[in-house]
Amino acid sequence: LVQLGYTCLRPVDVHAARGNRAGAVILGSILEAQLRRINRIDFKGESRSFSDESLRAAVAALDVSLDDGLLRANERVLDLLLLGKSFEEEIAADRKSFTLRYVNWERPELNVFHVAPEMEIERRGSRDKCRLDLVLFVNGIPLAAIECKRPGTKDWPRDAIDQLLAYQRDDHVPQLFACAQLLLAVNQ
């Protein structure tokens, strides 16, 4: 992954980027910086960034409720990833809504890619942690989770799939799977 352009994050970097919140899955500081970098408002001859308030609200919008179930939460995140979110901004004495994008799909090289090996996430309602083998981030958003199993293990695909399913349970780390769009089970 590093050879493909991903930056490997140490556990201390992951913890800091998610605001020292062990149960958080979005790397908020990275996401906010990227949202500022890849989004511009061009209106009436002016070009500027979204306000700090809109950027913080955009980050918070990805922390979707799980009350309607994990599938519905994942659909809401996917809509945000593909369509963006509108925020009202004031420019040249006009208030107007502008769409903020989470991922630059037209120019992927403007996005940032990170990988967090052995990422620990605090379980919901507990101080216990789940440790995911690899989590891949685009602009600080966890878009893929990879469960790695040892070669030679007889039922490694089933074991990896069962592990990923267990992580999605309400008492584990479903918040990760509200964002993750790709789950992989691999061995050597």
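Preceding this paragraph is the structure being described.
Predicted model only: the values in this text are computed from it and were never measured. (Residues numbered from 1 in each chain as written. Predicted model: local features only at pLDDT ≥ 70, side-chain atom pairs only at ≥ 80, totals over all residues. Heavy atoms only, no water.)

Caption draft 1: Spotlight on the side chain of E147. Among the structural elements, E147 can be located in strand β8 (residues 141-148). Residue E147 is classed as buried on the basis of its relative accessible area of 4%. (Helix = DSSP H or I, 4+ residues; strand = E, 2+ residues; numbered from the N terminus. Buried < 20%, exposed > 50% of the residue type's maximum accessible area, 1.4 Å probe, protein only.)

Caption draft 2: Expanded view of unusual backbone geometry. With a phi close to 55°, E118 is a non-glycine residue in the positive phi region. Along the chain, E118 falls in strand β6 (residues 113-122). Classification of E118 by relative accessible area gives partly exposed; the value is 42%. In the Ramachandran plot, N139 falls in the positive-phi region, its phi being about 55° despite a non-glycine side chain.

Caption draft 3: Quick look at the sheet that holds β6. The strand order across the open sheet formed by five strands is β1-β6-β7-β8-β9, and the pairing between neighbours is mixed. Looking at the sheet topology across the chains shown, the edges are occupied by β1 (7-8) and β9 (182-186). As paired strands, β1 and β6 are joined by two bridges and run parallel to one another. Bridge assignment links C8 to a residue of β6, and that residue is V115. Across the sheet, helix α5 (residues 156-167) is in contact with β7 (129-138), β8 and β9; its angle to β9 comes to roughly 145°. (Pairing = 2+ DSSP bridges. Contact = heavy atoms within 4.5 Å. Axes fitted to C-alpha atoms, helices over the stretch in contact; angles between N-to-C directions.)

Caption draft 4: Geometry of the pairing of strand β5 (residues 94-100). As paired elements, strand β4 (residues 85-91) and β5 share seven bridges and run antiparallel to each other. Each bridged residue has a counterpart across the sheet, and for I91 the counterpart in β5 is D94.

Caption draft 5: Expanded view of the packing of aromatic side chains. In total, this model carries two aromatic pairs according to the counting rule given. An angle of 75° between the planes, with centres 5.6 Å apart, marks the rings of F43 and F98 as edge-to-face. In this pair, F43 is assigned in strand β2 (residues 41-43) and F98 in strand β5, connecting sequence segments 55 residues apart. Since its relative accessible area comes to 17%, F43 is described here as buried. The class of F98 is buried, set by a relative accessible area of 11%. A cation over an aromatic ring shows up here: K85 above the ring of F87, its NZ or CZ 5.8 Å from the ring centre. (Phe/Tyr/Trp six-rings, centres within 6.5 Å; stacked < 30°, edge-to-face > 60°. Lys NZ or Arg CZ within 6 Å of the ring centre and 35° of its normal.)

Caption draft 6: Seen up close, the pattern of salt bridges. As enumerated under the stated definition, the model contains 17 salt bridges in all. Here R72 makes a salt bridge to E75, at a shortest N to O gap of 3.5 Å. Taken together, the residues span about one helical turn, with R72 and E75 both in helix α4 (residues 70-83) at a distance of three residues. Its relative accessible area of 37% is what places E75 among the partly exposed residues. One salt bridge connects E118 with R131, and the closest N-O pair in it is separated by 3.6 Å. In this pair, E118 sits in strand β6 while R131 sits in strand β7, placing the two residues 13 residues apart along the sequence. Among the charged side chains, a network of salt bridges with common partners joins E32, R36 and D52. (Salt bridge = Lys/Arg side-chain N within 4 Å of Asp/Glu carboxyl O.)

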